[in-house]
Amino acid sequence: MLTWIEINSLKVKQNIKNFRNILNKKTKFYAVVKSNGYGHGIKEIVQITKSDVDGYAVNHISEASTIYDLCTQPILIMGGFEKEDLRFLRDMELKRIRIVIFNEEQLKEILEINKEISFFLKIDTGMSRLGYRVDNQKWIQMLEFIQTHNLNLVGLMTHFSNVEDVTEQDYAYFQLKEFKKAIQITKKFFPKRKLQFHSAASAATILIPDARQDLVRIGISLYGLWPSLATKLSAYNLYRNKFMLEPALEWKTKLVHINEVPENTKVGYGCTYQTSSKTKIAVLPVGYFEGYDRSFSNRSYVIINGYRAMLIGRVCMNMIMVDVTHIPDVKVGDTAILIGKDPITKESVTADDLAEIAGTINYEITTRIPVHIPRIVL
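First, a word on what this report is: a plain description of the structure on this page. Note that the structure is predicted; figures quoted are calculated from it, not measured.

Basis of the calculations
- Residues numbered from 1 in each chain as written.
- Predicted model: local features only at pLDDT ≥ 70, side-chain atom pairs only at ≥ 80, totals over all residues.
- Heavy atoms only, no water.
- Pairing = 2+ DSSP bridges.
- Helix = DSSP H or I, 4+ residues; strand = E, 2+ residues; numbered from the N terminus.
- Axes fitted to C-alpha atoms, helices over the stretch in contact; angles between N-to-C directions.
- Buried < 20%, exposed > 50% of the residue type's maximum accessible area, 1.4 Å probe, protein only.
- Expected span 1.5 Å × (residues − 1).
- Polar contact = N/O pair within 3.5 Å; in protein donor to acceptor, adjacent residues only side chain to side chain.
- Core = buried A, V, L, I, M, F, W, Y, C linked by side-chain atoms within 4.5 Å.
- Contact = heavy atoms within 4.5 Å.
- Parallel < 35°, antiparallel > 145°, perpendicular 65-115°, else oblique.
- Left-handed = near helix turned anticlockwise from the far one by under 90°.
- Nonpolar A, V, L, I, M, F, W, Y, C, P; charged D, E, K, R; others polar.

Some remarks on the sheet that holds strand 14 (residues 279-284)
- Across the sheet, three strands lie side by side as 11-14-17; this open sheet has antiparallel pairing. Each having just a single partner strand, strand 11 (257-261) and strand 17 (320-323) make up the two edges of the open sheet. This sheet shows a mean twist of 30° between the axes of neighbouring strands, independent of strand direction.
- One ladder, built from four bridges, connects strand 14 with strand 17; its direction is antiparallel. Along strand 17, the bridge assignment pairs Ile281 with Asp323.

As structure tokens, this is what we get:
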């Protein structure tokens, strides 16, 4: 195995405990494992967490099917679907499955396929993505449709759009106010139903206690990553060092070739790098097909034997080249850390480091690591 991912199960469990410490005991903890567990491995994360969480959240019915036999908790399906997708639910116990409804066409499909399907109704409080605003007549018509046909509405949900990017949460509190309006209207339509309400993902759970309702949906921070630097700084001001997160993923590969070249040698496609002296180059078997972004060309680094090794030349489809001239006794077969920390020297490269280089966010760095790369649970 030349390239692999290591997932530290103890760090995942500790992250859950840290969230539990700030939650009301009545608030349910849903682990968001969509998109292959944010790149950490959906099956692996469910196996690690199945005794620690109250439910799971995924994007699609196919993901629910993937984890259905691995756990006994409820599964919340948050993304869109076609009518034919609903037929997959026939092989699952409907009491465990919750889908998310955000338009009237979906309600009609439920009525046609199986009116016993449980669902949350999504309200748009300011994200302008899924659902309708509380003052939109279409939303009231959906409530009336649910009431008329006695469909199995189990609650209401929304999603914050601007918690991660700011330290002042005025817009989030506006959204929360809109959500509370929607809750009151929904309760008037269904006064006898015991409904659940939820709005908070990782950042809102950390920073906005009023958003910790019947359940929280913890995604990026389940894996030990901060939703943003602003969230991390705000959390420090709020908790000091009493709320911490530990990244659970390390991405590693092995050196497959070492080549010594003279001064003024061109390296890689486009000849974008030229050596300034005699240089020892190591080749690693990862490239943009393996999720190592092409924007890292000539800019990122890996850790080999406790030393930083700079990437030289362009990222290829399946290979990168790094300068190992300064690393003693380096040889083919040595391990290179693409994301992680050397246990001895403490030199590290994080998903946040790579995100900064690529001009993106840590979510994208881990989520784009392909499914075919093996995940090993430690």
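Next comes the rest of the write-up.
Here's the deal with the sheet that holds strand 7 (residues 153-157)
- In spatial order, the strands read 8-7-6-5-4-3-2-9; together these eight strands make up an open sheet with parallel pairing. At either end of the open sheet lies a strand with only one pairing partner, and these are strand 8 (196-198) and strand 9 (215-218). Neighbouring strand axes in the sheet, compared pairwise and without regard to direction, differ in orientation by 25° on average.
- Where strand 4 (residues 75-77) lies against strand 5 (residues 97-101), three bridges are found, and the strand directions are parallel. Within the sheet, the bridge partner assigned to Ile75 lies in strand 5 and is Ile97.

Quick word on unusual backbone geometry
- Phi is positive for Ser128, which is not a glycine, with a value near 60°.
- Counting through the fold element by element, Ser128 comes out in the loop between strand 6 (118-122) and helix 7 (137-149).
- One non-glycine residue with positive phi stands out, namely Lys346, at about 70°.
- Within the secondary structure, Lys346 sits in the loop between strand 18 (335-341) and strand 19 (348-349).
- By relative accessible area, which is 52% here, Lys346 ends up exposed.

Some details on helix 1 (residues 9-22)
- In a regular helix each residue adds 1.5 Å, so 14 residues correspond to 20 Å; helix 1 covers 21 Å between its end C-alpha atoms and thus fits that length.
- All of the buried residues along helix 1 are Ser9, Val12, Asn15, Ile16, Asn18, Phe19 and Ile22.
- Among the residues of helix 1, the N-terminal cap falls to Asn8, whose side-chain oxygen and the backbone nitrogen of Leu10 are separated by 3.0 Å.

Notes on the nonpolar core
- Membership of the largest hydrophobic core comes to 122 residues, with the highest contact counts inside it found for Val33, Ile99, Trp139, Tyr292, Ile304 and Val322.
- The biggest single contributor to this core is helix 8 (residues 170-189), with six residues.
- Those residues in contact with Val33, other than ones at most four positions away along the chain, are Ile42, Ile45, Val46, Tyr56, Ala57, Val58, Ile67 and Tyr223.
- Ile281, Val283, Ile312 and Cys316 belong to the second largest nonpolar core, which has seven residues in total.

Describing the packing of helix 7 against helix 8
- As a packed pair, helix 7 and helix 8 sit with axes 10 Å apart at the nearest point and diverge in direction by 30°. By the angle between their directions, the pair helix 7 and helix 8 is classed as roughly parallel. Crossing of helix 7 against helix 8: the hand is right-handed. Packed against helix 7, whose contacting residues are Trp139, Ile140, Leu143, Glu144 and Gln147, the element helix 8 presents Ala182, Ile185, Thr186 and Phe189 at the interface.
- Residue composition of the contact of helix 7 with helix 8, grouped by class: six nonpolar, two polar and one charged.

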